[in-house]
Amino acid sequence: MASLVRHVTIDCADPHSLAGFWAAALEGSLSEDDNPGDDEALVDSAGAALLFIRVPEGKSVKNRVHLDLQPQDRSRDEEVERVVALGATVVADHRRPDGTGWVTLTDPEGNEFCVERSQAERDATEQA
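Everything numeric in this text was worked out from a predicted model, so none of it was measured.

Caption draft 1: Quick look at the overall build of the chain. Within the chain, the secondary structure is distributed over 3 helices and 8 strands. Starting at the N terminus, the α and β elements of the chain follow one another as β-α-β-β-β-β-α-β-β-β-α. Along the three orthogonal principal directions, the C-alpha set of the chain runs to about 50 × 35 × 30 Å. Summarising the internal contacts of the chain: among those between residues at least 6 apart in sequence, 53% fall at separations of at least 24. About 7900 Å² of surface is accessible on the chain, with carbon and sulfur atoms providing 50% of the total.

Caption draft 2: Inspection of unusual backbone geometry at higher detail. Non-glycine residue Glu 27 carries a positive phi angle of around 50°. Relative to the elements of secondary structure, Glu 27 occurs in the loop between α1 (15-25) and β2 (29-30).

Caption draft 3: Layout of the sheet that holds strand β8 (residues 112-115). Spatially, β5-β8-β7-β6 is the arrangement adopted by the 4 strands of the open sheet, whose pairing is mixed. Every interior strand has two partners, whereas the edge strands, β5 (67-69) and β6 (89-93), have only one. Ignoring strand direction, the axes of neighbouring strands in this sheet form an average angle of 30°. Of the strand pairs in this sheet, strand β7 (residues 103-106) and β8 are connected by 4 bridges, and their pairing is antiparallel.

Caption draft 4: Here's a closer look at the side chain of Ser 118. Position of Ser 118 among the secondary structure elements: in the loop between β8 and α3 (119-127). Apart from residues no more than four positions distant in its own chain, Ser 118 is found in contact with Gln 70, Pro 71 and Arg 74.

Caption draft 5: View of the environment of Ala 48. Locating Ala 48 in the fold gives a position in the loop between β3 (40-44) and β4 (49-54). Judged by its relative accessible area of 32%, Ala 48 falls in the partly exposed class.

Caption draft 6: Inspection of the layout of surface pockets at higher detail. Roughly 460 Å³ of volume is contained in the largest pocket. What lines the largest pocket is a set of 24 residues, and nearest its centre among them are Ile 10, Asp 11, Lys 59, Asn 63 and Asn 111. Where the lining of the largest pocket is concerned, the elements lending two or more residues are β1 (8-12) and β8. A total of 5 residues in the lining of the largest pocket trace back to one element, the largest contributor, which is β1. Tallied by class, residues from the lining of the largest pocket come to 10 nonpolar, 6 polar and 8 charged. In this structure, the second largest pocket occupies an estimated 390 Å³ of space. Counting residues per element, the ones that place at least two in the lining of the second largest pocket are β5 and α2 (76-86). A total of 3 residues in the lining of the second largest pocket trace back to one element, the largest contributor, which is β5. Among the residues making up the lining of the second largest pocket, the classes are represented as 8 nonpolar, 4 polar and 6 charged.

How each quantity is defined
- Residues numbered from 1 in each chain as written.
- Predicted model: local features only at pLDDT ≥ 70, side-chain atom pairs only at ≥ 80, totals over all residues.
- Heavy atoms only, no water.
- Helix = DSSP H or I, 4+ residues; strand = E, 2+ residues; numbered from the N terminus.
- Contact = heavy atoms within 4.5 Å.
- Areas by Shrake-Rupley, 256 points an atom, 1.4 Å probe, with all protein chains shown as cover.
- Pairing = 2+ DSSP bridges.
- Axes fitted to C-alpha atoms, helices over the stretch in contact; angles between N-to-C directions.
- Buried < 20%, exposed > 50% of the residue type's maximum accessible area, 1.4 Å probe, protein only.
- 1 Å grid on protein atoms, 1.4 Å probe; cavity = no way out; pocket = protein on both sides within 12 Å on 5 of 7 lines; lining within 4 Å.
- Points joined across faces, edges and corners; volume = space filled by probe spheres on them.
- Nonpolar A, V, L, I, M, F, W, Y, C, P; charged D, E, K, R; others polar.

So yeah, pure geometry; function would need other evidence.
Listed below in structure tokens is the structure:
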């Protein structure tokens, strides 16, 4: 049997704070035993579990791996607005006039992630 990804681990300066952002962004939950000042924090969500680990060094280069989010009950543009309101920053907008494309953002510690179109938006484009 193949191995399974248990969780994606993200190095950061403040695990509890960054995990709080991602718990809100993914509409997941922060583990009950995780507290401010802890060296790690775990977020459980429908799509993936994310483990945030405190490291002494700051982020210095582009991520080699990043998360691609696909909204489930809202549009890509609504999701971009929602995560920006939570503290994300738009760094590149790859949306096209025909409705395809994605948006690249960073979380509060500068880790890149993308918001893609929802499945409903993809289906509508294919039927057009």
